[in-house]
There are 2 protein chains.
Amino acid sequence: MTDHIVKSFDNELTRLDGEIQRMGQIAVAQLDAAIDVLQRRDSQAAMRVVANDEAIDALEHEISHDVLRLLALRQPMARDLREVYAALRISSDIERIGDYAANVAKRSMVLNQSAPVTVARGLPALARLANNLVTEALAAYRLRDADKAMQVRGRDAELDAEYTGLFRELLTYMAEDPRQITACTHLLFIAKNIERIGDHATNIAENTWFLVHGELPAGDRAKADLTSS
Amino acid sequence: MTDHIVKSFDNELTRLDGEIQRMGQIAVAQLDAAIDVLQRRDSQAAMRVVANDEAIDALEHEISHDVLRLLALRQPMARDLREVYAALRISSDIERIGDYAANVAKRSMVLNQSAPVTVARGLPALARLANNLVTEALAAYRLRDADKAMQVRGRDAELDAEYTGLFRELLTYMAEDPRQITACTHLLFIAKNIERIGDHATNIAENTWFLVHGELPAGDRAKADLTSS
């Protein structure tokens with residue numbers, strides 16, 4: 001392979017990296033914004049969060065397109081092939097994270113149709129933890145740091161524990177005040193969305209490990225969603 | 001390229017196809033089994049459904065592995081490359097369908113800890129419809145029939161409408177009998193899992209279209225989950 005082609009492949013990988021990091025930043029900002037509009041009960045702003053999800057979807061399409069072009073034109077092998085494969089997988093996880101954030105904003109609009117529910121207080125902390133996991137997973141990916149990625153994977157259990165606590169709290173609240181059942185159900189689904197975001201952070205971490213080592217990490221990942229077991 | 005290499009690539013694609021169809025059959029059988037054990041309140045059998053999910057995960061790993069080997073050794077282009085790309089995407093959707101089916105079985109065990117809830121009757125119909133969409137999407141993929149795939153995509157709206165009906169019914173039931181709140185919450189999540197399976201059938205259909213036409217289908221997909229809008 002000539003130097004020119006090698007350089008060009010590296011440039012394209014750098015470009016892919018940039019797209020993925022940008023996608024990730026938007027997804028994290030979207031979840032922050034969704035929780036903010038939920039707390040402020042601002043349906044107008046919530047609609048903007050929902051609309052913004054298109055930017056993430058567009059970036060995912062761009063990345064898929066770039067990946068297919070790279071595979072066809074550069075025919076990468078070994079580590080280079082894993083780079084391209086990981087980019088595809090990770091962009092798909094970020095797209096899902098964006099979907100969950102948009103769904104939080106969407107449900108906040110439904111919540112605004114009834115009285116405020118105080119128990120929603122636990123959600124911002126849950127969302128901060130989820131966003132922290134996503135941010136750390138993306139940093140591990142950016143640095144190609146497999147050990148850092150494994151730390152993120154281990155921390156998903158913290159999020160699951162917080163989610164489980166919130167889940168039980170919401171059930172208690174519903175039983176105490178059945179008028180809040182509809183609102184609390186949407187809060188339950190919002191909490192579940194945030195818990196799922198943590199699973200996708202774990203996926204990003206596992207794909208980072210795979211990219212570096214060429215095999216999947218050993219050992220089971222922390223079990224998701226203790227409320228169903 | 002020599003005839004020998006071409007034949008061998010075709011053989012490998014056929015093998016991938018077989019793996020994906022097998023994976024899909026297991027996922028559909030898993031959802032059937034999960035609904036069956038839920039109705040029969042059989043926690044022993046539910047545990048077996050949860051354990052069976054490993055077979056699907058193992059097939060997904062095998063497919064990822066095969067795809068990476070195919071990309072490295074055969075360096076496919078154009079339609080051949082899209083074949084490999086679609087296999088990767090579709091296997092990932094089936095893996096998610098399997099996860100949702102296993103989660104239904106897991107939650108059925110939690111439900112067995114309290115009295116039966118009659119409103120669970122709506123779930124088998126919802127699951128049948130979801131399984132029908134998955135089966136049709138996999139048939140469209142097997143036949144490389146993009147038009148059939150688009151019909152499946154259009155039918156996801158039926159599932160969303162049935163899910164929305166069940167969602168409202170469950171909320172009413174919870175309000176009428178607050179002792180059922182915990183059980184009904186798990187039924188809500190079970191219904192949501194089944195609704196999500198329909199979204200993955202839609203993804204399979206869209207990837208089939210992409211495989212045949214080299215571009216994504218035009219027009220928005222039917223909006224998922226009307227309960228949050």
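Keep in mind that what you see is a predicted model, and the values were worked out from it rather than measured.

The rules behind these values
As a convention, each chain's residues are numbered from 1 in the sequence order in which they are written. Both sets of labels track the order of writing: A upward for chains, 1 upward for ligands. It should be noted that, the model being predicted, local features are given only for residues of pLDDT at least 70 and side-chain atom pairs only at 80 or more, the latter also being counted only at that level, while totals for whole chains, interfaces and linings use all residues. As a rule here, side-chain values cover all heavy atoms of the structure and leave hydrogens and water aside. Orientation is described by lines fitted to C-alpha atoms, with helices fitted over the stretch in contact, and by angles between N-to-C directions that extend from 0 to 180 degrees. Strands are runs of DSSP state E lasting at least 2 residues, helices are runs of H or I lasting at least 4, and numbering of each runs from the N terminus. Each angle is binned into one of four classes, with values under 35 degrees roughly parallel, values over 145 roughly antiparallel, values of 65 to 115 roughly perpendicular, and all other values oblique. Note on convention: near helix rotated counterclockwise from far helix by under a right angle means a left-handed crossing. Clockwise means right-handed. Working rule for contacts: check all heavy atoms of both residues, and any pair within 4.5 Å makes them a contact. UniProt positions are given in the numbering used here, feature names are shortened, and annotations may be inferred rather than shown by experiment. Ring pairs shown here join Phe, Tyr and Trp side chains whose ring centres sit within 6.5 Å, with only the six-membered ring taken for Trp; geometry is labelled stacked below 30 degrees between planes, edge-to-face above 60, and tilted in between. The buried label goes to any residue with under 20% of its type's maximum accessible area, the exposed label to any with over 50%, and the partly exposed label to all in between, with areas taken from a 1.4 Å probe on protein chains only. Placement of a positive charge over a ring is assigned whenever Lys NZ or Arg CZ falls within 6 Å of the ring centre and within 35 degrees of the normal to the ring plane. Summed over both partners, the accessible surface that disappears when two parts come together, traced with a 1.4 Å probe, is what is meant by buried area. One speaks of a salt bridge when a side-chain nitrogen belonging to Lys or Arg is within 4 Å of a carboxyl oxygen belonging to Asp or Glu. Any pair of nitrogen or oxygen atoms within 3.5 Å is treated as a polar contact; in protein, a donor-acceptor pairing is required on top of that, and neighbouring residues in sequence qualify only through side-chain atoms on both sides. Just so you know the grouping, Ala, Val, Leu, Ile, Met, Phe, Trp, Tyr, Cys and Pro go in nonpolar, Asp, Glu, Lys and Arg go in charged, and all remaining residues, Gly too, go in polar. The length a helix should cover is 1.5 Å for every residue beyond the first. Here, the term nonpolar core denotes a set of buried Ala, Val, Leu, Ile, Met, Phe, Trp, Tyr and Cys residues that are joined through side-chain atoms within 4.5 Å. In this charge count, Lys and Arg are treated as positive and Asp and Glu as negative; neither His nor the chain ends contribute. For this overlay, a least-squares fit was computed on C-alpha atoms, restricted to residues scoring pLDDT of at least 70 in both copies.

So, on to the packing of helix 4 (residues 122-143) of chain B against helix 6 (residues 181-213) of chain B. All names here are of chain B. Interaxial distance between helix 4 and helix 6 falls to 9 Å at its minimum, and their mutual angle equals 15 degrees. Considering their axes alone, helix 4 and helix 6 lie roughly parallel with respect to each other. Crossing handedness for the pair helix 4 and helix 6: left-handed. For the pair helix 4 and helix 6, contact is made by Leu-123, Leu-126, Ala-127, Ala-130, Leu-133, Val-134, Ala-137, Leu-138, Ala-140 and Tyr-141 and by Leu-187, Ile-190, Ala-191, Ile-194, Ile-197, Ala-201, Ile-204, Ala-205, Thr-208 and Leu-211, respectively.

Residue and element names in this part refer to chain A. On the UniProt side, "domain: PhoU" (unreviewed entry) is annotated at positions that read residues 20-107 and 126-207 here. Helix makes up 94% of residues 20-107 and strand 0%. Its end C-alpha atoms lie 27 Å apart. Helix and strand shares over residues 126-207 are 93% and 0% respectively, and the end C-alpha atoms of the span are 24 Å apart.

Further remarks concern the packing of aromatic side chains. Counting across every chain of the model gives seven aromatic pairs over all chains. Ring centres of Tyr163(A) and Phe167(A) lie 6.0 Å apart, and the angle between their planes is 50 degrees; this geometry places the pair in the tilted category. Placement of the pair is Tyr163(A) and Phe167(A) together in helix 5 (residues 146-176), with a separation of four residues, close to one helical turn. The same class applies to Tyr163(A) and to Phe167(A), which are both buried. Centroid distance Phe189(A) to Phe167(B): 6.2 Å. Interplanar angle 40 degrees. Geometry classified as tilted. A residue pair is termed interchain when its members come from two chains, as with Phe189(A) in helix 6 (residues 181-213) and Phe167(B) in helix 5 (residues 146-176). A relative accessible area of 4% means that Phe167(B) is categorised as buried. Following the ring pairs from residue to residue traces out a cluster consisting of Tyr163(A), Phe167(A), Phe189(A), Tyr163(B), Phe167(B) and Phe189(B). Geometry around Tyr100(A) places Arg96(A) over its ring, the cationic atom sitting 4.7 Å from the centre. The ring centre of Tyr141(B) lies 4.4 Å from the NZ or CZ of Arg144(B), which sits over that ring.

Let us now look at the interface of chain B and chain A. Counting residues at the interface gives 41 residues for chain B and 41 residues for chain A. Of the roughly 3400 Å² buried between chain B and chain A, counting both surfaces, carbon and sulfur atoms make up 66%. Per-residue buried area on chain B facing chain A is highest for Leu68(B), Phe189(B) and Ser228(B); these three make up 17% of the total on that side. The interface formed by chain B and chain A contains two salt bridges. For the salt bridge of Glu60(A) with Arg89(B), the shortest nitrogen-to-oxygen distance reads 3.7 Å. Our count for the chain B to chain A interface comes out at five residue pairs in polar contact (both at pLDDT 80 or more). Contributions of two or more residues to the side of chain B that touches chain A are made by helix 2 (43-74), helix 3 (78-111), helix 5 and helix 6 of chain B. Looking at which element gives the most residues to the side of chain B that touches chain A, the answer is helix 3 of chain B, with eleven residues. The residue inventory of the side of chain B that touches chain A, partitioned by class, reads 21 nonpolar, eleven polar and nine charged.

As a further point, take helix 6 of chain A. All names here are of chain A. Here helix 6 contains 33 residues, and its C-alpha end-to-end distance of 48 Å stays within 8% of the 48 Å for a straight helix at 1.5 Å per residue. The buried count for helix 6 comes to 29 of 33 residues, which makes it a mostly enclosed element. Positive backbone phi, at 80 degrees, marks Gly-214, one or two positions downstream of helix 6.

Core analysis: the biggest nonpolar cluster contains 158 residues, and Leu123(A) and Leu123(B) have the highest contact counts within it. Residues within four places of Leu123(A) in sequence aside, it is in contact with Ile35(A), Leu38(A), Leu166(A), Leu187(A), Ile190(A), Ala191(A) and Ile194(A).

What follows covers the side chain of Asp93(B). Residues and elements named next belong to chain B. Among the structural elements, Asp-93 can be located in helix 3. With no salt bridge to any partner, buried Asp-93 finds its closest opposite charge in Arg-89, at an N-O distance of 7.1 Å. Residues contacting Asp-93, with those up to four places away along its chain left out, are His-200, Asn-203, Ile-204 and Asn-207.

With that settled, the discussion passes to the relation of the copies chain B and chain A. Expressed as a screw operation, the relation of chain B to chain A combines 0.0 Å of axial shift with a rotation of 180 degrees, fitting to an RMSD of 0.0 Å. Here the transformation between the copies is reduced to the relation of a two-fold axis. Closest approach to the rotation axis among the C-alpha atoms of chain B is made by Gln75(B), whose C-alpha sits 2.8 Å away. The residues that chain B uses at the interface reappear at the interface of chain A in 100% of cases, marking a shared surface.

Turning our eyes to something else, we now look at the pattern of salt bridges. Should the charged atoms of two oppositely charged side chains come close, the side chains can pair. If you walk through the whole model with that rule in mind, you get 36 salt bridges over all chains. Here Arg69(B) and Asp66(B) are joined by a salt bridge, their closest N and O atoms 3.5 Å apart. Of the two residues, Arg69(B) and Asp66(B) are both situated in helix 2; the distance of three residues between them amounts to about one turn of the helix. Three or more residues joined by partner-sharing salt bridges are found here, namely Glu12(A), Arg15(A), Glu19(A), Asp66(A), Arg69(A) and Arg74(A).

A few words on the environment of Phe9(B). All names here are of chain B. Relative to the helices and strands, Phe-9 is located in helix 1 (residues 3-40). Separated by 159 residues in sequence, Phe-9 and Arg-168 have C-alpha atoms that sit 51 Å apart. Not counting residues up to four positions away in its chain, the partners in contact with Phe-9 are Leu-70, Arg-74, Pro-76, Asp-80 and Val-84.

This part covers the environment of Arg142(B). Its location among the elements puts Arg142(B) in helix 4. On a C-alpha basis, the gap between Arg142(B) and Asp80(B) in space is 15 Å, while along the polypeptide they are 62 residues apart.

Residue and element names in this part refer to chain B. Examined against the element boundaries, Ile-97 turns out to sit in helix 3. Taking the C-alpha atoms as reference, Ile-97 lies 9.4 Å from Asp-199; in sequence the two are 102 residues apart. With sequence-adjacent residues up to four places away left out, Ile-97 is seen in contact with Ala-27, Val-134, Ile-197, His-200 and Ile-204.

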